[in-house]
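Here is how the chains run, residue by residue.
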Amino acid sequence: VEVEGEDASVVDSGSPALLRAATCLALEEEAARAELCRLVTHREVKTREETFETPRDKRDATFARNALARWLYAQAFETLVHRCNAALGAGSSSGARGSTKFVGILDVFGFEHFQVNTFETLLINFANESLQQHFCEAIFEAELRLFEEEGIEAPDIQTPPDSSSTIELIAGRKTPPGVLRILDAQCQAGGKSSADSDAAFLAKVHSSHARSLGRTHPKEKTVRFHVRHFAATVGYDVGGAAASWTEANVDAVPDGIAALVSRRSASAFERDVVAAAAEDAPRRRKPSLATAFCASMARLRDALKTTDSAFVRCVKPTPAMVPRVVEPKTFCEQLRALGLLAACEVLKVGLPTRVPYDDIVAKLPRAARAVLDGEPNETLVACALAAFDVPVDCYRLGRTRVFFPASALALIHDLLAFDPDAHPERAARVETRLLEAKENASEARACAA
């Protein structure tokens, strides 16, 4: 939709673009289309005594148009997601998230690094950084913690990847607050113009995080700041040719759009899309884009922590985007930045399957369990594994569970599927082998003493 005029903006209600937008919103009446134009080109000003409208200039109207398009897209997307979840059972009152089993696929934003990097670029890279941290916690911290708790020797990783300091720099609540918190504070404080607000925001970022930011040349500190991400150091442009950060963060949607669609739209779906916003509008102020994004990422991280995560990591063979070309240096840098090289060090231990001691002991014949009564857990389980012909080099004993490599999967399946009552002959052989294993263990302890 083209915005014309300068000091007083104008939108042609009969233009093809406006007619397409009205069709998408199912605004069939000419009066409804005229009201849509008015919401874009005029703002409502409220004082103690009265409420009146004032025309927007072209720049302000263009910003309102863009904010409206983003808001409608987001509302339609959320409505579709909620309907899909409800249809799949995840939205029912009896099927709350905690009791609903699901398989989710999360397509992560691509890391972005352009010649000019804006507020939106920072949000995308913040999402990348948060999900990279989830990967690190799932692969490194959880594994290394489990090895320590179980008394298993952990692989020697000098510096496991950790994005927590970058996440704190971007969105931290502590003192000093993160970049997005500083932006919110500046939006609330306001300024004579968006340029003044952006300049004050940038100065506060540099003064608050002088030690945490990436190196920025002194001459550039009035136009950008740098953040050291897991993938690369990115310079974010504030002011100048870049869009205003304080304006983008407020992302003010024209007042009245939800009420217009609710009253005039001929589409039930479109009315549903704006229904929640229309109900909330009188009750609460719309949060800033930074606040909403941080809250959304926190919910996503909490949901991911309740799941068993598997990962497919993608790398770009060449920045030139040319088929069948691989640049080894670029390729290896991505593998390092994604934490894949360090992950290989952890996974080289090769013990992905863990079986609790009780599950193994439960597979022994009753008489055999009586023979081993009183033995330490490690001895009991080691004897049980020997009775089932599991080689010593195919497992490692922890404090509460046995760790197996992937190559021992068939042996584990055979052990856990064994039923002593259904296979009495094999149960007898297992019992005999168990007694032999116990005698061997006793002899070994005697020799050691």
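Because the structure is predicted, anything quoted here is derived from the model rather than measured.

**Q** Explain the overall build of the protein chain here, please?
**A** Broken down by element type, the protein chain carries 18 helices and seven strands. Classification of the 449 residues of the protein chain by burial places 36% in the buried group. Total accessible area on the protein chain is roughly 26500 Å²; 54% of this is exposed by carbon and sulfur atoms.

**Q** Can you help me understand the nonpolar core in this one?
**A** Nonpolar side chains in soluble globular proteins tend to be buried together. Phe119, Leu122, Phe126, Leu180, Phe201, Phe225 and Trp245 are the most contacted members of the largest nonpolar core, which has 29 residues in total. Those elements giving two or more residues to this core turn out to be helix 4 (119–150), helix 5 (164–171), helix 6 (179–189), helix 7 (194–208), strand 3 (224–228), strand 4 (233–237), helix 8 (245–250) and helix 11 (289–305). The greatest single-element share of this core, amounting to six residues, is contributed by helix 4.

**Q** So what exactly am I meant to see when it comes to the packing of helix 2 (residues 30–41) against helix 9 (residues 257–264) here?
**A** When two helices pack together, their arrangement is given by the angle between the helix axes and by the axis-to-axis distance. Running from N to C, helix 2 and helix 9 cross one another at 175°; their axes reach a closest spacing of 11 Å. Considering their axes alone, helix 2 and helix 9 lie roughly antiparallel with respect to each other. When helix 2 is examined against helix 9, the residues Ala31, Ala32, Glu35, Leu36 and Leu39 are found in contact with a partner set consisting of Ile257, Leu260, Arg263 and Arg264. In terms of residue class, the contact of helix 2 with helix 9 is made up of six nonpolar, no polar and three charged.

**Q** What is the right way to look at the environment of Ile170 in this model?
**A** Mapped onto the secondary structure, Ile170 falls in helix 5. Overall, the relative accessible area of 0% leaves Ile170 in the buried class. Each C-alpha atom, one on Ile170 and one on Asn125, is 9.9 Å from the other, the two residues being 45 residues apart in sequence. Apart from residues no more than four positions distant in its own chain, Ile170 is found in contact with Leu122, Phe126, Gly178, Val179, Leu180, Val227 and His229.

**Q** Whenever I open this one, the packing of helix 4 against helix 6 confuses me. Can you help?
**A** One can describe the packing of helix 4 onto helix 6 by two numbers: an axis separation of 12 Å at closest approach and a directional angle of 140°. Read as a crossing pair, helix 4 and helix 6 show a hand that is left-handed. The segment helix 4 lies against helix 6, with Phe119, Leu122, Leu123 and Phe126 engaging Val179, Leu180 and Leu183. Across the contact of helix 4 with helix 6, the residue classes break down as seven nonpolar, no polar and no charged.

**Q** Which parts of the structure should I look at to understand the environment of Glu436?
**A** Relative to the helices and strands, Glu436 is located in helix 18 (residues 424–448). Counting along the chain gives 53 residues from Glu436 to Cys383, while the straight-line C-alpha distance between them is 8.5 Å.

**Q** What's the story with the pattern of salt bridges in this structure? I'm lost.
**A** It is possible for side chains of opposite charge to pair when their charged atoms get near one another. Considering all chains together, one arrives at eleven salt bridges under this definition. Asp60 is paired through a salt bridge with Arg56; the nearest N and O atoms lie 3.7 Å apart. Look at the salt bridges and you will find they share partners, linking Glu35, Arg38 and Arg263 into a network.

**Q** I keep staring at helix 16 (residues 377–387) and nothing clicks. Help me out?
**A** Within an α-helix, residues lying three or four positions from one another point in the same direction, as the helix has 3.6 residues per turn. All buried positions along helix 16 are accounted for by Thr379, Leu380, Val381, Cys383, Ala384, Leu385 and Ala387. Count one or two residues on from helix 16 and you reach Asp389, which has phi positive near 65°.

**Q** Please explain the sheet that holds strand 6 (residues 396–397) as it appears in this structure.
**A** Adjacent strands of a sheet pair through backbone hydrogen bonds, lying either parallel or antiparallel. Strand order in the open sheet formed by three strands is 5-7-6, and the pairing between neighbours is antiparallel. Each edge of the sheet is formed by a strand with only one pairing partner; in this case those strands are strand 5 (353–356) and strand 6. The strands touched by helix 4 are strand 5 and strand 7 (401–404); relative to strand 7, the strand with the most contacts, the crossing angle is about 130°.

**Q** Hey, could you run me through empty space enclosed by the protein in this one?
**A** In this approach, a probe sized like a water molecule rolls over the atoms, and the result shows the empty space that is left. Counted according to the given criterion, the structure contains one cavity of 30 Å³ or more. Its volume calculated, the largest cavity comes out at about 40 Å³. In this structure, the largest cavity is lined by Val355, Ile360, Val390, Phe404, Leu411, Ile412 and Leu415. Looking at the lining of the largest cavity, the element that brings in the most residues is helix 17 (residues 409–416), giving three residues. Looking at the lining of the largest cavity residue by residue, the class counts come to seven nonpolar, no polar and no charged.

**Q** In this structure, what is going on with the confidence of the model for the protein chain? I would like to understand it.
**A** In low-pLDDT regions, the fine details of the predicted coordinates are not to be read closely. Within the protein chain, residue pLDDT values average 82, and 90% of them lie at 70 or more. Per-element mean pLDDT across the protein chain ranges from 71 in helix 18 up to 95 in strand 3. Across residues 92–98 the pLDDT falls below 50, and counting only partners more than four positions away or on other chains, this stretch makes five contacts in the model.

**Q** Mind showing me how you'd approach the packing of aromatic side chains here?
**A** Each aromatic ring pair is summarised here by two numbers: the centre-to-centre distance and the angle between the ring planes. Counted under the stated rule, the structure contains twelve aromatic pairs. Aromatic pair Tyr73 and Phe77: ring centres 6.5 Å apart, planes at 15°, arrangement stacked. Placement of the pair is Tyr73 and Phe77 together in helix 3 (residues 58–88), with a separation of four residues, close to one helical turn. The class of Tyr73 is exposed, set by a relative accessible area of 61%. Here Phe111 and Phe230 contribute two aromatic rings whose centre-to-centre distance is 5.9 Å and whose plane-to-plane angle is 65°, an arrangement assigned as edge-to-face. Within this pair, whereas Phe111 is found in the loop between helix 3 and helix 4, its partner Phe230 is found in the loop between strand 3 and strand 4, the two being separated by 119 residues in sequence. When its relative accessible area of 15% is taken as the criterion, Phe230 is described as buried. Following the ring pairs from residue to residue traces out a cluster consisting of Phe119, Phe201, Phe225, Tyr236 and Trp245. For Arg313, the ring lying beneath its charged end belongs to Phe135, and the centroid distance is 4.5 Å.

Rules behind the numbers
- Within every chain, residues take consecutive numbers counted from 1 along the sequence as written.
- Only residues with pLDDT of 70 or above have their local features reported here, since the model is predicted, and side-chain atom pairs are shown and tallied only from 80 upward, although totals for entire chains, interfaces and linings are computed over all residues.
- Note: side-chain values were computed over all heavy atoms of the structure, leaving out hydrogens and water.
- Note on conventions: DSSP H or I runs of at least 4 residues are helices, E runs of at least 2 residues are strands, and numbering of each starts at the N terminus.
- Throughout, exposure labels follow a simple rule: accessible area from a 1.4 Å probe, protein chains only, divided by the maximum for the residue type, with under 20% read as buried, over 50% as exposed, and the rest as partly exposed.
- Methods summary: accessible areas were calculated by the Shrake-Rupley approach with a probe of 1.4 Å, and residue burial reflects only the protein chains presented.
- Within this scheme, the nonpolar core is defined by two criteria: the residues are buried Ala, Val, Leu, Ile, Met, Phe, Trp, Tyr or Cys, and they are joined through side-chain atoms within 4.5 Å.
- Between N-to-C directions, angles span 0 to 180 degrees; the directions come from axes that are lines fitted to C-alpha atoms, helices contributing only their stretch in contact.
- Oblique is the label for any angle not under 35 degrees, not over 145, and not in the 65 to 115 range, which are roughly parallel, roughly antiparallel and roughly perpendicular in turn.
- We call two residues in contact whenever any of their non-hydrogen atoms come within 4.5 Å of each other.
- Under the convention adopted here, Pro, Cys and the residues Ala, Val, Leu, Ile, Met, Phe, Trp and Tyr are nonpolar, Asp, Glu, Lys and Arg are charged, and Gly plus all remaining residues are polar.
- Definitions for this section: a left-handed crossing has its near helix turned counterclockwise from the far helix by less than a right angle. A right-handed crossing has that turn clockwise.
- When a carboxyl oxygen of Asp or Glu is within 4 Å of a side-chain nitrogen of Lys or Arg, the pair counts as a salt bridge.
- Between any two strands, at least two bridges found by DSSP are needed for them to pair.
- A cavity here means a set of points on a 1 Å grid, drawn over the protein atoms and nothing else, where a 1.4 Å probe fits but cannot get out; a pocket is an open set with protein on both sides within 12 Å along at least five of seven lines, and a residue lines either one if it has an atom within 4 Å of a point.
- Grid points are joined across faces, edges and corners, and a volume is the space filled by probe spheres set on the points.
- The pLDDT value expresses, per residue, how confident the predictor is, ranging between 0 and 100.
- Pairing of aromatic side chains here covers Phe, Tyr and the six-membered ring of Trp, requires ring centres within 6.5 Å, and sorts the geometry by plane angle: under 30 degrees stacked, over 60 edge-to-face, intermediate tilted.
- The criterion is that NZ of a Lys, or CZ of an Arg, lies within 6 Å of the ring centre and within 35 degrees of the ring normal, and then a charge sits over that ring.

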